[in-house]
Every structure is written in structure tokens, then in C-alpha cells.
Amino acid sequence: MLFFTEIYFYLLIVFGIIYVALILFYTLGWFRLKTFNPQNTKFKTRVSIIIPARNEEENITNLLTDLAHQAYPKNLFEVIVIDDNSTDTTHEKVSNFIKNSNEKNFNLIGISEESPDTAYKKKAINLAIEKSNGDLIITTDADCRMGMNWLSSFVTLYETEKPKMIVGPVSFFNETTFFQKMQTLEFLSLIAITGGAIKAGRPIMCNGANLAYEKGAFIEVGGFGSDSFASGDDVFLLLRMKKQFGNKSVRFLKNNNAIVYTEALKSVADFFHQRTRWASKNKVYDVKILFVSFSVYMTNLILFTGLIQSIFIPSMLPPVMLAFVIKLLVELPILIGIGNFVKRSRMFLYSFPLIFIYPLYIIVVGALGILGNYHWKGRKVKQ
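These numbers come from a predicted model, not from an experiment.

**Some thoughts on the overall build of the chain**
Here is step 1: Of regular secondary structure, the chain possesses 12 helices and 12 strands.
Here is step 2: Its C-alpha radius of gyration of 21 Å places the chain within 12% of the 21 Å reference for a compact globule of 383 residues.
Here is step 3: Counting only C-alpha atoms and orienting by the principal axes, one finds that the chain spans roughly 75 × 45 × 40 Å.
Here is step 4: Counting contacts in the chain only where the partners sit at least 6 residues apart, residues at least 24 apart contribute 82% of the total.
Here is step 5: Split by element, the accessible area of the chain, about 17,300 Å² in all, is 61% carbon and sulfur.
Here is step 6: Of the side-chain charges in the chain, 41 are positive and 31 negative, and the distance between the mean point of each set is 7 Å.

**Quick look at the pairing of strand β10 (residues 260-263)**
Here is step 1: Judged by which residues are buried, β10 turns out to be one-sided: Val260 and Thr262 face inward and are buried, whereas Tyr261 and Glu263, on the alternate face, are not.
Here is step 2: Relative to β10, strand β5 (residues 145-146) runs antiparallel, the two sharing 2 bridges. Residue pairing across strands places Arg145 opposite Tyr261, the latter belonging to β10.
Here is step 3: In this sheet, β10 lies alongside strand β7 (residues 170-173) in parallel orientation, the contact comprising 4 bridges. Counterpart to Val170 in the pairing with β10 is Val260.

**Let's talk about the nonpolar core**
Here is step 1: Counting 98 residues, the largest nonpolar core has Ile51 and Tyr213 as its most contacted members.
Here is step 2: With 9 residues, the top contributor of residues to this core is helix α6 (residues 178-199).
Here is step 3: Counting 14 residues, the second-largest nonpolar core is a separate cluster that includes Ile302, Leu303, Leu332 and Ile355.

**A closer look at the environment of Pro314**
Here is step 1: Inspection of the secondary structure assignment puts Pro314 in the loop between α10 (287-312) and α11 (317-341).
Here is step 2: Judged by relative accessible area, which is 58%, Pro314 ranks as exposed.
Here is step 3: The spatial distance from the C-alpha of Pro314 to the C-alpha of Phe352 is 23 Å, given a sequence separation of 38 residues.

**Topic: the sheet that holds strand β9 (residues 250-252)**
Here is step 1: Spatial strand order, β3-β2-β1-β4-β8-β6-β9: 7 strands in an open sheet with mixed pairing. Two strands bound the open sheet, and with one partner strand each, they are β3 (106-111) and β9. Neighbour to neighbour, the strand axes of the sheet diverge by 20° on average, direction disregarded.
Here is step 2: In this sheet, β3 lies alongside strand β2 (residues 77-84) in parallel orientation, the contact comprising 6 bridges. Across the sheet, Val79 pairs through a bridge with Phe106, a residue of β3.
Here is step 3: Together, β1 (47-53), β2, β3, β4 (136-140) and β8 (210-214) form the strand contacts of helix α4 (residues 120-131), whose direction differs from that of β1 by roughly 150°.
Here is step 4: Running over the sheet, α6 touches β6 (165-167) and β9 and is turned about 135° from β9.

**A look at the packing of aromatic side chains**
Here is step 1: Scanning the model with the defined rule gives 20 aromatic pairs in all.
Here is step 2: Aromatic side chains Phe173 and Tyr261 sit 6.0 Å apart centroid to centroid with 55° between the ring planes, which places their arrangement in the tilted category. With Phe173 in strand β7 and Tyr261 in strand β10, the pair connects residues that are 88 residues apart, well separated along the chain.
Here is step 3: Of the residues examined, Tyr261 reaches a relative accessible area of 27% and is grouped as partly exposed.
Here is step 4: Through successive ring pairs, a cluster of aromatic residues spans Phe179, Phe271, Phe272, Tyr358 and Tyr361.
Here is step 5: A cation over a ring is seen here: Lys164 above Phe245, with NZ or CZ 5.1 Å from the ring centre.
Here is step 6: Lying across the ring of Trp30, Lys254 places its NZ or CZ 4.2 Å from the centre.

**A short note on helix α8 (residues 235-245)**
Here is step 1: All of the buried residues along α8 are Val235, Phe236, Leu237, Leu238, Leu239, Met241 and Lys242.
Here is step 2: Where the residues of α8 are buried, they touch α4, β6, β8, α7 (215-220), β9 and α10.
Here is step 3: Once α8 finishes, Gly246 follows within two positions and takes phi at roughly 95°, a positive value.

**Things to note about the packing of helix α2 (residues 60-68) against helix α3 (residues 90-101)**
Between two packed helices, the angle of one axis relative to the other and the distance separating the axes together describe the packing.
Here is step 1: Following both chains from N to C, one finds α2 and α3 inclined at 30°, their axes separated by 10 Å at the closest point. Considering their axes alone, α2 and α3 lie roughly parallel with respect to each other. Here α2 and α3 pass one another in a crossing that is right-handed. Together, Ile60, Thr61, Leu64, Thr65 and Ala68 of α2 and Lys93, Val94 and Phe97 of α3 make up the contact between the two elements.

Rules behind the numbers
Residues numbered from 1 in each chain as written. Predicted model: local features only at pLDDT ≥ 70, side-chain atom pairs only at ≥ 80, totals over all residues. Heavy atoms only, no water. Helix = DSSP H or I, 4+ residues; strand = E, 2+ residues; numbered from the N terminus. Rg over C-alpha atoms; globule rule 2.2 N^0.38 Å. Contact = heavy atoms within 4.5 Å. Areas by Shrake-Rupley, 256 points an atom, 1.4 Å probe, with all protein chains shown as cover. Lys, Arg positive; Asp, Glu negative; His and termini not counted. Charge placed at Lys NZ, Arg CZ, Asp CG, Glu CD. Buried < 20%, exposed > 50% of the residue type's maximum accessible area, 1.4 Å probe, protein only. Pairing = 2+ DSSP bridges. Core = buried A, V, L, I, M, F, W, Y, C linked by side-chain atoms within 4.5 Å. Axes fitted to C-alpha atoms, helices over the stretch in contact; angles between N-to-C directions. Phe/Tyr/Trp six-rings, centres within 6.5 Å; stacked < 30°, edge-to-face > 60°. Lys NZ or Arg CZ within 6 Å of the ring centre and 35° of its normal. Parallel < 35°, antiparallel > 145°, perpendicular 65-115°, else oblique. Left-handed = near helix turned anticlockwise from the far one by under 90°.

So this is what it looks like as C-alpha cells:
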């Protein structure tokens, strides 16, 4: 028993040091990332906003309304909605909006047949890009909301610095339950790490709900790549972009006007299906991202097993609890930083209960991600 205890503490120290170093690295990157203040008012970039939509009858009209009110010349942007074989009234909702609002720069493409493989979303976006006429592609999700300066903030950064890819911030809103507020904090931590990693010159994540890239660069890298995964349109493209053009070709847009908002999931089952879909892509990430994922997974696995072992070996509880406290103290600065950025300064308070829930969550999602089976938009996906 003593031998296994010594091995446990050895692993705790090794992975604990790695985890602390990673979080401090991303935290430094986040706080070094300056807020971008758009100055440009003479736009010249043609933009295609692409929205893959499946069974979004409750949300799509709100998004289209937000896009119709963008403070950007209508002759310089188009909106393309790809109805991915919806089984509800999404197609009719979009069609009626275009007709009734007389938005001539809004278009609807319907996919009426199921794809024979699992790459539903990537197929839909590829089709829209083929039919687009913009030089800059921006993707968002059908359940998102944004302010009137969202588009102009992206284009200003693009025209100022000409990056190949721009990663935008995403936040939850309208949370009503404790479960949804916990999701918000966990999700915001990922956004902060995303921005910090990009600023540090080591991009590892992005979110297709708020993502821009040059159409020419997309074609040059050969698109998204792997069609073996239902999702991955965002991170797979990021990996190709940084490989082809270098890490500095990717920028994070730290500006409140650039935030898109979506709602947290209401049910635990939907939450785990979503996170399983995200985790299932880890199998094809590059070595550096796999190292980060593995280190985070092992740190949380070791902490969780330490709590279980302390039930039988009470002397283990004090050092395990100390490890939890150190983890919390290391994570707090970046959580407070992202909370202040999205004007949710008290959100970090949920980190206190989350710190004990998170290890179990990581273990479960990591295991489910290896299996890769989940439900998404009414479809059962098997990797």
C-alpha cells in the first residue's frame, strides 16, 4: 500500500507541475492580449456569413434579425443559411424572413438528402463556401445572438492586420439554473485559454460559432480535412491554417462587440452529448494539443482518485485537499480575467463548487470521447 501511495504522490507532483505551468502560460497570454479597438469606417472587404442550421426553428429568426441590423454596408456582405435536412420548420422560417424583410443579401440553401457519412456540418459549410462570393468567410451557429457592431469589428481587424484566421469570443447568456451557470464558467475558461494560447503563439482551440477566415486560405489548405468526424470544422481548420501559414496567422479578437451569445444547455444528457462530440476529435489532433489534453486529463484523474483513496487512507486527505486549493488559486486569475471581459465579474464564484465536480466531468467526457458515440441534432453519430 505504501508503494502505491508513493507512486500516487509522484504522479500528483509531476502532472501538477505540468498543469500549473500550462495554466500560468495561458493566463499570461490572456492578460497580454490587448483589447482591439476598431477605428476603421471605410470598409472594402466582401464578407460571406455562413450559418449551418438543423432544427433551429426556435432560434434562427432572432439570429437573422441581428444580422440584418449589422452596421456594415449591405452591398459588402451576404448571409448564407444552409438548412441541413431539418425536420422542423427551419426552412420555412428562413424563407419567410427573407421574403418578408426583403433582405436581398440573404440566401437559403437546402440540403434535402442525408449525407452517407458523418461529416454533416462540414459538408454543409463546404457547400456554402462553394456558392459564396465573399473574400472573408465568417461562420456562426443558428442559435447565436450578436450586437450590431459584430461584423464591423471582425472586418476592421482583418483589414488592419490581414490574418488568415480570426477567432472570436463566445459566451452564454440567459442562464437560470445552477447547472447552466456552471456551464458558463467552464465554457468561459475555455475561451480565455483559447485567447491566451493564440496570443502566446500556440493556438490550440477555436469555436465555429464565431470564426472568420480568408476564403483563399481555406481553399489553399484544402478545407477542413478529415470527414470522419461530425464536428471539427473549427479546430481541424485551425490546425491546417497554422501548419500552412504559421501560428501568427491566427488572431484572437478581444473586443466586446465581437462576442456572440448562445444559451447553455438545459439537460445533463444534452450537455454530455455535446462534450462527447467535442472530445471525440482529440484522436486526430497534433502532438502538442494531445499533450495538453492528456496532461489536463491526468491531473484531474489523479485528483479524483486521491479523493477516493483518502476515504480508505485518511492521511492522504490533507495533501490532496492542498492540491485542490493550489489548482483553484492557479485558475482564479484567468477566470476573473475572462469574467471581467464579458462583464460577468462574479462568475468566478462558481469555481469553488466546480473545482470538485470538474475532475469527475473530465474523466467521464474523456472516456466518452474515446467511444465517440453521441446524439446531435436528432442524429445518432457513431465514430
